[in-house]
Amino acid sequence: MPTEPDLTLIRHLKNHHKFEEAREQLAQWMEQEPDNPYLELEMGMILDELNRITDAVRLYREALEHDPPKVLKRRIIIALANDLRLAGQIYDARLWLEQARQEFPHDVTLDLFYALTLWNDDDRGSAFRLLWTLIVNEPAFKDLDPYRATLRYYSQHFNDRA
């Protein structure tokens, strides 16, 4: 299994918006480790910044083929699905996220990207229901505590007519 490389230099370059320099440096490293999903994810994210989404999607797919560790796999799927969604490939994005949500249940980030995808797929009721449920169940929103039971009811019945 590939090891996680030290990407401090690449992240420094990205933080300073030197995406082409980061791409060039990372390309050299990828020549030495061509099947490293950590490098492929990082390169995909750089390509996203350079508006090369098609190339980024290809790299994300390759990274998934290289047996990434579970935590990395989740990040790759989020990046892949988001790029597919932005490229108008909503159906493919939705499939990836549905698969990921089964593998990583109760993952707020996946759920948020899934809600965006549902919205783009004109399934606005499901998107709204999912976002509502996330908000109601989020413990950080302490001000909602007295109202959680009522809000949970409405999240399950928001389409009901009075």
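Reading the values: rules and limits
Residues numbered from 1 in each chain as written. Predicted model: local features only at pLDDT ≥ 70, side-chain atom pairs only at ≥ 80, totals over all residues. Heavy atoms only, no water. Axes fitted to C-alpha atoms, helices over the stretch in contact; angles between N-to-C directions. Helix = DSSP H or I, 4+ residues; strand = E, 2+ residues; numbered from the N terminus. Parallel < 35°, antiparallel > 145°, perpendicular 65-115°, else oblique. Left-handed = near helix turned anticlockwise from the far one by under 90°. Contact = heavy atoms within 4.5 Å. Nonpolar A, V, L, I, M, F, W, Y, C, P; charged D, E, K, R; others polar. Core = buried A, V, L, I, M, F, W, Y, C linked by side-chain atoms within 4.5 Å. Buried < 20%, exposed > 50% of the residue type's maximum accessible area, 1.4 Å probe, protein only.

Novice: Can you break down the packing of helix H3 (residues 37-49) against helix H4 (residues 53-65) residue by residue, with the values?
Specialist: Where H3 contacts H4, the axes come no closer than 8 Å and their chain directions differ by 165°. Taken as axis vectors, H3 and H4 run roughly antiparallel relative to one another. Note that H3 runs across H4; the crossing there is left-handed. Every residue of H4 that contacts H3 at Pro37, Glu40, Leu41, Met43, Gly44, Met45, Leu47 and Asp48 is listed here: Ile53, Asp55, Ala56, Leu59, Tyr60, Glu62 and Ala63. Of the residues in the contact of H3 with H4, the class split is 10 nonpolar, 1 polar and 4 charged.

Novice: For the nonpolar core, give the residues involved together with the corresponding values.
Specialist: Within the largest apolar cluster, 39 residues are counted, with the highest numbers of intra-cluster contacts made by Leu26, Tyr60, Ile76, Leu80 and Trp96. Among the elements of the structure, helix H1 (8-15), helix H2 (19-32), H3, H4, helix H5 (70-86), helix H6 (90-103), helix H7 (108-120) and helix H8 (124-137) are those that each provide at least two residues to this core. For this core, the leading source of residues is H5, giving 8 residues. Leu26 has contacts with Leu7, Ile10, Leu39, Glu42, Met43 and Ile46, leaving out every residue within four places of it along the chain.

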